[in-house]
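# Summary of structural features
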Amino acid sequence: HRPIQRLLSCPGTVAADLKKEDQPSGNVETGSEDRILQKRFSEVQKERREQAQRTVLINCPDKMSEKKFLKYLSQHGPIKNHFFYENFGLHAVIEFCQKESVASLQDAACTPSLRREAAIPFRSRFFNLKLKNPLNQTSEQSSIQCCNQSPPSSKKLFELLCYADSIDDQLNTLLKEFQITEENAKLRHLTCSLIEDIAAAYFPYCTIRPFGSSVNSFGKLGCDLDMFLDLDETERLASQKTSGNFLMEFQVKNVSSERIATQKILSVIGECLDHFGPGCVGVQKILNARCPLVRFSQQTSGFQCDLTTNNRIALKSTELLYLYGALDSRVRALVFSVRCWARAHSLTSSIPGAWITNFSLTMMVIFFLQRRSPPVLPTLDYLKNLADTEDKCIIEGHNCTFTTDLNRIESSGNTETLELLLKEFFEYFGNFAFNKNSINIRQGREQNKPESSPLHIQNPFETSLNISKNVNQSQLQKFVDLARESAWILQQEDKDHPSPSSNQPWGLAALLLPSVSNGKSLAKRKKLASERVKNLLESIKSNNVENSINTNGK
Ligand code: CTP
Ligand code: MG
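The following paragraphs examine the structure supplied in this document. (Residues numbered from 1 in each chain as written. Chains lettered and ligands numbered in written order. Predicted model: local features only at pLDDT ≥ 70, side-chain atom pairs only at ≥ 80, totals over all residues.)

### Some words on the sheet that holds strand β6 (residues 225–230)
If you walk across this open sheet you meet the five strands as β5-β6-β9-β8-β7, and the pairing is mixed. Lying at the two open borders of the sheet, with one neighbouring strand each, are β5 (207–211) and β7 (280–286). Each adjacent strand pair in this sheet contributes to an overall mean axis angle of 25 degrees, direction not counted. The pairing of β7 with strand β8 (residues 293–298) spans five bridges and is classified as antiparallel. Across the sheet, the residue bridging to Q284 is R295, located in β8. Seen against the sheet, helix α7 (residues 182–199) touches β5, β6, β8 and β9 (303–309) and runs at an angle of roughly 150 degrees to β5. (Pairing = 2+ DSSP bridges. Helix = DSSP H or I, 4+ residues; strand = E, 2+ residues; numbered from the N terminus. Axes fitted to C-alpha atoms, helices over the stretch in contact; angles between N-to-C directions. Contact = placed C-beta atoms within 7 Å.)

Dropping the structure here:
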């Protein structure tokens, strides 16, 4: 395969993650200077993980001198990067150049002696900085810049969208404002790394890997943090030593099924987090779910976390989504807008239920982009055909193979604008035969529905599963109605050509903020629409009367 030149026009973190900075920029084959090789998902994750291992989290006093603080910390070694954020107090994320600096700081830190509570001597990477002489001279207090960890308010978004130049500009603005920032990405990886320290007390060679929207490039600021407890390294180490005379007792303690093993593992980790996990609160063990999990909130970082194990396929679907997100800069802009649109109309919710999920919406956008002519995105079967031996991946009997090398995939010949794609998305799904067809990104075409769920989206790897099995008919209907209405609104825009700089919500703003847009809710708009029809009928009637009067008069 001829490597493809794909310029990274997508803004933000993914672009930063993807670029192979240490690669020569010239291309010998083509003589081109601007070729940028793109990193694989696994390479990005490896770098992020290593970075997180050199990082600590420090709760700081509100008033301090940043310069002195950094100088004080650099006793333990040079600092590569740092940032501050606010979350019930000021926090600093400090990335040292070397891992040894973390141990040095840990050695220097003292365990708090509390009068009423007993401290647990767990060597964590969370620190509390207590200044013996709190600063009082204003000259020393340089104001500390905090990185924002939450999405913009509806008001701010509304303003930004109204002042954009075009609908395409609006979609890109929304992406820029909502996507996970570099700092937020670091904090997510750091949180996983800190949880790994705790889990490693039981499973020394475990890895906690982030998956889902935190790393698939479709995450919004504020989205949950899905974590996967990976014990494969433990198993791999064990399987290497099959010839010895000793079998380690703990690795052969038999339970009757994989599921029970998963439940037991998560149960002890859940206890551990509850009792010893710094900042871990509200620990819930949800072990009877189809995919058992431990849910908790990590207060210091502010993330709602879902910890699972043995759902390795979800890691593969995360990687697949990442690949699709990186292939064309329009994909993420479209997915973010559709996700925000769905959230604004309560089609999605943070509470589990019969609603459509963000994951399903993303699949729908990918499918839609595969259906364009020419396609914006290739099918999963095509990506499978591009795979080489290294990419081969079979999990629990399911073939999860696809190329992990972005540079092998041809750029799309499709040049449609975001505005057109968004409108067409709503039209496409506003008229989709959900009653008989299933959405299938593997083949990139509709398939007959194998079962009667209202919405059927085939799981790309576990092909007998429907990822939207939870969605009921009324939620699907709501989605269809809103899609139709949104297509209609965008068509009207085409005709009306509202002036972009006007204060009136237009384009994406009109779609996202129905309650703000002239205070019209869907119900109100329906009423207005029916009034419009009534008026039209009235005017036809009166025209007829007038006509008949006129005719009679003649
Ligand atoms: N997943 C899956 N099948 C499902 C639901 C989820 O394979 N029926 C996997 C997907 O890889 C998904 C991940 O689990 O990305 C995390 O699920 P979830 O948190 O529900 O979705 P996210 O993609 O993370 O989106 P959100 O921002 O809403 O959390
Ligand atoms: Mg998630």
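Anyway, onward from the coordinates.
### Some words on helix α6 (residues 167–178)
The end-to-end C-alpha distance of α6 is 17 Å, a good match for the 16 Å that twelve residues give at a rise of 1.5 Å each. Next to the buried residues of α6 lie α5 (154–162), α12 (329–344), α15 (418–430) and α17 (507–512). (Expected span 1.5 Å × (residues − 1).)

### Considering the site of ligand 1
As a structural note, the neighbourhood of ligand 1 is formed by 15 residues, with G212, S213, C223, S317 and N358 the closest of them. Of all the secondary structure elements, the ones that give two or more residues to the shell around ligand 1 are α11 (312–327) and α13 (358–371). A total of three residues in the shell around ligand 1 trace back to one element, the largest contributor, which is α11. Looking at the shell around ligand 1, its residues break down into five nonpolar, eight polar and two charged. (Near = placed C-beta within 6 Å. Nonpolar A, V, L, I, M, F, W, Y, C, P; charged D, E, K, R; others polar.)

### Quick look at the sheet that holds strand β4 (residues 126–128)
The four strands lie next to each other as β2-β3-β1-β4, forming an open sheet whose pairing is mixed. The open sheet has two free edges, formed respectively by β2 (79–86) and β4, since each of these has just one partner strand. When the angles between neighbouring strand axes are averaged without regard to direction, this sheet yields 25 degrees. Bridge count for strand β1 (residues 55–60) against strand β3 (residues 90–96) is six bridges, and the pairing is antiparallel. Bridged to C60 within β3 is L90.

### Digging into the nonpolar core
Residues L171, M227, L334, V365 and F425 are the most contacted members of the largest nonpolar core, which totals 107 residues. Those residues within four positions of F425 in sequence are excluded, and the remaining contacts are L334, V338, V365 and F368. (Core = buried A, V, L, I, M, F, W, Y, C linked by C-beta atoms within 7 Å. Buried ≥ 20, exposed ≤ 12 C-beta atoms within 10 Å, placed from the backbone.)

### Description of the pairing of β8
Hairpin connection, β7 to β8: the antiparallel pair is bridged by six residues. As judged from the six bridges shared by β8 and β9, these two strands associate in the antiparallel manner. In the sheet register, Q298 faces β9, and the bridge partner there is F303. In sequence, β8 turns back onto β9 through a hairpin of four residues, with G302 there showing a positive phi of about 85 degrees.

### Re the packing of α6 against α15
Running from N to C, α6 and α15 cross one another at 85 degrees; their axes reach a closest spacing of 7 Å. When the axis of α6 is compared with that of α15, the two are roughly perpendicular. Where α6 abuts α15, its residues I167, D168 and L171 lie against L418, E419 and L422. Across the contact of α6 with α15, the residue classes tally to four nonpolar, no polar and two charged. (Parallel < 35°, antiparallel > 145°, perpendicular 65-115°, else oblique.)

### Brief notes about the packing of α12 against α15
Axis separation between α12 and α15 bottoms out at 11 Å; the angle between their running directions is 45 degrees. Our classification of the angle between α12 and α15 gives oblique. Where α12 crosses over α15, the two elements pack in a sense that is right-handed. Seen from α12, the contacting residues are R330, A333, L334, S337 and V338; seen from α15, they are L418, L421, L422 and F425. Grouping the constituent residues of the contact of α12 with α15 by class yields seven nonpolar, one polar and one charged. (Left-handed = near helix turned anticlockwise from the far one by under 90°.)

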